[in-house]
Amino acid sequence: MPTDKCRAIYCLLRLSSRNLFNHRSDSNFQYLYQFRGFRNHIDTTSRLLEPFLAHPKRNLRICFHPLREDMGSSLVSAKISGHTNRIHCRFFGSGSTVTKRNPVFSTINADDIAQFKEILGEKYVIQDEERLLAANTDWMRKYKGSSKLLLQPRSTEEVSQILKYCNSRCLAVVPQGGNTGLVGGSVPVFDEVIINMGSMNDIISLDKVSGVLVCEAGCILENLVSFLDNQGFIMPLDLGAKGSCQIGGNVSTNAGGLRFVRYGSLHGNVLGLEAVLANGIVLDMLGTLRKDNTGYDLKHLFIGSEGSLGIVTKISILAPPKLSSVNLAFLACKDYVSCQNLLLEAKRKLGEILSAFEFLDGNSMDLVLNHLEGVRNPLSPSTHDFYVLIETTGSDESSDKEKLEAFLLRSMEGGLISDGVLAQDMNQALSFWRIREGVPEALMKAGAVYKYDLSLPVEKMYDLVEAMRIRLGPAAEVIGYGHLGDGNLHLNISLPEYNDNVLAQIEPFVYEWTSKHRGSISAEHGLGLMKANKIHYSRSPESVHVMASIKKLLDPNGILNPYKVLPPSLAS
């Protein structure tokens, strides 16, 4: 490549970000460096917020009453022997999905309330309507239960006593952390007792030699990030919802996030945990060893089981050492094939320092720019069809930066990159991440949204987005973004209001397409209530029956987070 072209590209990548934002180091520079511990002012830890059939002998006349105006959910009334009775049924997702309350479960009475107050103390037995309203509703306002009771245990022993009593009474429960889930897994479906883990938020220990952190399940992820940062370590998990989500919920859903491409899943990072079974038995699996092949590794049953097998109360997790050199590039690509090839080259050329590889399409960028205040396109005035964020993390600032810049120069020379900028300080890095992590917020502000969290072969990921656009036409806006580095697509269909006709075009097509291409219908959000009846698209009947057998063994009465993960007909 001619020398002048090399120089021009180098200047573009090195300086255009500075010219765009025109930020200078201020008096807080050294303070920020010391507090967050990252060179170049790139702060990767400061991210924003993303069956029970009716009685066979009864002749029921069904009529529908709106439950949630925005989602088309319903309660069902039935006329039996001349009397109108309310049958507890709710409709989530497509109109054909009906969830009915399990009549085996008891309802709360005064004696139950008295027992819980004896276990927890009156202060931690919540019946206040306002607090219950918040706990009954997920953050997207898509799912809403009708629980009359919220319990706040402060110890494993209290969780054990609660579950032992609930099991004896056949009272269904739903464990709840920060309630940031997207599939209805953390809120009641009907009147389940909510067990909120937020009061169990102690950091128990940190072994600075091994880097093993032991903490309670109610610790907020961002608090753990800050604690470890001050100790010279990082969390291997990074989420946009880190300011609200709790580590117990993260583990119970096997959350993925932005650092997955570098550190892998929680199945690899969680060394041990403590969990309470439905009958109150406490399983102490809180090991801190990297190697332990003593029998079955039971902790993996609870990682990703969404509280349906037991309630996680403590976790031990491996925290990598904090590295001083972090760089972030915001890039544009002309097409999705270029994004794929850029990923391949990044893995080859950046190797061990590659810590994040995210992508978003042009529709995602437009959405963010139109609905989030203060967000700017770093590559303005040009617009592009695809954008990529590449983050590197290492221990040698000069070497890491040199390696990244050389990679970017070669990629631009080879036509993989159309444009790009390197963040010059933390403010610019945060502004770049704001674009990527602001997509879910922008979608909420734009109106109704149908969200799908899918794993697919990287070369097939965007084919689904294009197929959905052809299928829906102008009826909805289809956007795609996500974790390209690990093949995780966040497919979102945005429209002014929820529409059953549009939903019928989306489902089951989206699940059938994913299954046909050997993908997973749940990459990192879990199954929850939304996809419990869709599990067969990604798991064989034999696998699902084994799962149901495990559920029956550990929770024979089915009180733990019912109606979630598995089809109710199998979990009962």
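- Labelled according to an unreviewed UniProt entry, the protein chain appears under the name D-2-hydroxyglutarate dehydrogenase, originating from Actinidia chinensis var. chinensis.
- Note on the protein chain: under the UniProt heading Cofactor (unreviewed entry), the record states "FAD".
- Recorded in UniProt for the protein chain, the comment headed Sequence similarities (unreviewed entry) runs: "Belongs to the FAD-binding oxidoreductase/transferase type 4 family."

**Looking at helix α4 (residues 129–136)**
Phase 1: Regarding α4, the residues found buried are L132, A135 and N136. Looking straight down α4, one finds that the buried residues subtend no more than 95° of arc, so they occupy a single side. Seen from the open side of α4, the exposed residues pointing more than 90 degrees away from its buried face are E130 and A134.
Phase 2: Those residues of α4 that are buried lie in contact with β6 (125–126), β7 (150–151), β8 (173–176) and β9 (193–196).
Phase 3: Two to three positions downstream of the cap, the backbone nitrogen of E130 sits 3.3 Å from a side-chain oxygen, assigning the N-cap of α4 to D128.

**Describing the layout of surface pockets**
The gaps of empty space that remain are located by a probe, the size of a water molecule, rolled over the atoms.
Phase 1: Of the voids in this model, the largest pocket is the one considered here, and its volume is about 870 Å³.
Phase 2: Lining the largest pocket are 43 residues, and of these G304, S305, L527, M547 and V565 lie nearest its centre.
Phase 3: Contributions of two or more residues to the lining of the largest pocket are made by α7 (247–253), α10 (299–302), α19 (541–554) and α20 (568–571).
Phase 4: Residue contributions to the lining of the largest pocket peak at 4 residues, all from α19.
Phase 5: In the lining of the largest pocket, the residues fall into 18 nonpolar, 18 polar and 7 charged.

**Some remarks on the nonpolar core**
Phase 1: Formed by 122 residues in total, the largest nonpolar core has its most connected members in F116, L342, Y452, L491 and I493.
Phase 2: The leading source of residues in this core is helix α16 (residues 461–472), at 7 residues.
Phase 3: Residue contacts for L342: discarding those within four places in its chain leaves L331, C333, F357, V388, I390, F407, S411, L416 and I417.
Phase 4: In this structure, L258, L379, Y387 and V439 belong to the second largest nonpolar core, which totals 28 residues.

**Quick notes on the pattern of salt bridges**
Phase 1: For the structure shown, the criterion picks out 16 salt bridges.
Phase 2: Residue D191 pairs with R101 through a salt bridge whose shortest N-O separation is 3.1 Å. A residue pair is termed long-range when its members are at least 10 positions apart, and D191 in the loop between β8 and β9 and R101 in the loop between β5 (98–100) and α3 (110–120) qualify at 90 residues.
Phase 3: Classification of R101 by relative accessible area gives buried; the value is 14%.
Phase 4: One connected set of salt bridges, linked through shared partners, spans E345, R348 and K349.

**A look at the sheet that holds β7**
Phase 1: Taken in spatial order, the 4 strands line up as β6-β7-β9-β8 in an open sheet, and their pairing is mixed. Each edge of the open sheet carries a strand with a single partner, namely β6 and β8.

**Describing the state of the cysteines**
Phase 1: Counted according to the given criterion, the structure contains 0 disulfides.
Phase 2: This cysteine, C215, is not joined by any disulfide, and C219 carries the nearest cysteine sulfur, 4.4 Å off.
Phase 3: Taking relative accessible area as the criterion, C219 reaches 3% and is therefore assigned buried.

**Examining α16**
Phase 1: End to end, α16 covers 18 Å across 12 residues, agreeing with the expected 16 Å (1.5 Å per residue, within 8%).
Phase 2: Within α16, the full set of buried residues consists of M461, Y462, L464, V465, A467, M468 and L472.
Phase 3: Positive phi shows up at G473, right after α16, with a value of about 60°.

**What about the sheet that holds strand β10 (residues 203–207)?**
Phase 1: Ordered by their spatial adjacency, 5 strands build an open sheet running β10-β11-β14-β12-β13, and the pairing between neighbours is antiparallel. Single-partner strands in this sheet number two, and they are β10 and β13 (282–285). Within this sheet the neighbouring strands show an average axis-to-axis angle of 10°, counted without direction.
Phase 2: Sheet topology note: the strand β11 (residues 212–216)/strand β14 (residues 311–318) ladder contains 5 bridges and is antiparallel. Its bridge partner lying in β14, V212 is registered against L318.
Phase 3: Where helix α6 (residues 221–231) meets the sheet, it contacts β10 and β11, and its direction lies at approximately 35° from that of β10.

**Some details on the packing of helix α14 (residues 426–437) against helix α15 (residues 439–446)**
Phase 1: Running from N to C, α14 and α15 cross one another at 50°; their axes reach a closest spacing of 5 Å. The orientation of α14 with respect to α15, classified from their angle, is oblique. In this structure, α14 contributes R434, I435, R436 and E437 to the contact, and α15 contributes V439, P440 and E441.
Phase 2: Broken down by class, the residue content of the contact of α14 with α15 amounts to 3 nonpolar, no polar and 4 charged.

**Structural notes on the environment of A548**
Phase 1: Following the sequence through the fold, A548 ends up in helix α19.
Phase 2: As a C-alpha pair, A548 and V565 span 17 residues in sequence and 9.9 Å in three-dimensional space.
Phase 3: Not counting residues within four places of it along the chain, the set of residues in contact with A548 comprises L566 and L570.

**Focus on the environment of S520**
Phase 1: Note on placement: S520 falls in the loop between α18 (509–516) and α19.
Phase 2: Here the alpha-carbon distance between S520 and N488, two residues 32 residues apart in the chain, equals 9.3 Å.
Phase 3: Setting aside its immediate chain neighbours within four residues, S520 contacts D453, L454, S455, T514 and S538.
Phase 4: In terms of polar contacts, S520 uses its side chain to reach the backbone carbonyl oxygen of S522, at 3.0 Å.

**As for the side chain of D425**
Phase 1: By the secondary structure assignment, D425 is in the loop between β18 (419–422) and α14.
Phase 2: In this structure D425 comes out as buried when scored by relative accessible area, which is 9%.
Phase 3: From its side chain, D425 meets the backbone nitrogen of N427 in a polar contact 3.1 Å long.
Phase 4: A polar side-chain atom of D425 sits 2.9 Å from the main-chain amide nitrogen of Q428.

**Quick word on unusual backbone geometry**
Phase 1: Along the chain, S380 connects to P381 via a cis peptide bond; the corresponding omega equals 5°.
Phase 2: Looking along the chain, the bond that leaves E507 and enters P508 is cis, with omega of 5°.
Phase 3: Summarising the element assignment, P508 is placed in the loop between α17 (500–506) and α18.
Phase 4: You will see that R141, though not glycine, has its phi angle at about 60°, which is positive.
Phase 5: Secondary-structure assignment places R141 in the loop between α4 and β7.
Phase 6: Located in the positive-phi region is V565, a residue other than glycine, with phi close to 70°.
Phase 7: Structurally, V565 is set in the loop between α19 and α20.

Rules used throughout
- Residues numbered from 1 in each chain as written.
- Predicted model: local features only at pLDDT ≥ 70, side-chain atom pairs only at ≥ 80, totals over all residues.
- Heavy atoms only, no water.
- UniProt positions renumbered as here; feature names shortened; annotations may be inferred.
- Buried < 20%, exposed > 50% of the residue type's maximum accessible area, 1.4 Å probe, protein only.
- Helix = DSSP H or I, 4+ residues; strand = E, 2+ residues; numbered from the N terminus.
- Arc of directions from axis to C-beta.
- Contact = heavy atoms within 4.5 Å.
- Polar contact = N/O pair within 3.5 Å; in protein donor to acceptor, adjacent residues only side chain to side chain.
- 1 Å grid on protein atoms, 1.4 Å probe; cavity = no way out; pocket = protein on both sides within 12 Å on 5 of 7 lines; lining within 4 Å.
- Points joined across faces, edges and corners; volume = space filled by probe spheres on them.
- Nonpolar A, V, L, I, M, F, W, Y, C, P; charged D, E, K, R; others polar.
- Core = buried A, V, L, I, M, F, W, Y, C linked by side-chain atoms within 4.5 Å.
- Salt bridge = Lys/Arg side-chain N within 4 Å of Asp/Glu carboxyl O.
- Pairing = 2+ DSSP bridges.
- Disulfide = S-S within 2.5 Å.
- Expected span 1.5 Å × (residues − 1).
- Axes fitted to C-alpha atoms, helices over the stretch in contact; angles between N-to-C directions.
- Parallel < 35°, antiparallel > 145°, perpendicular 65-115°, else oblique.

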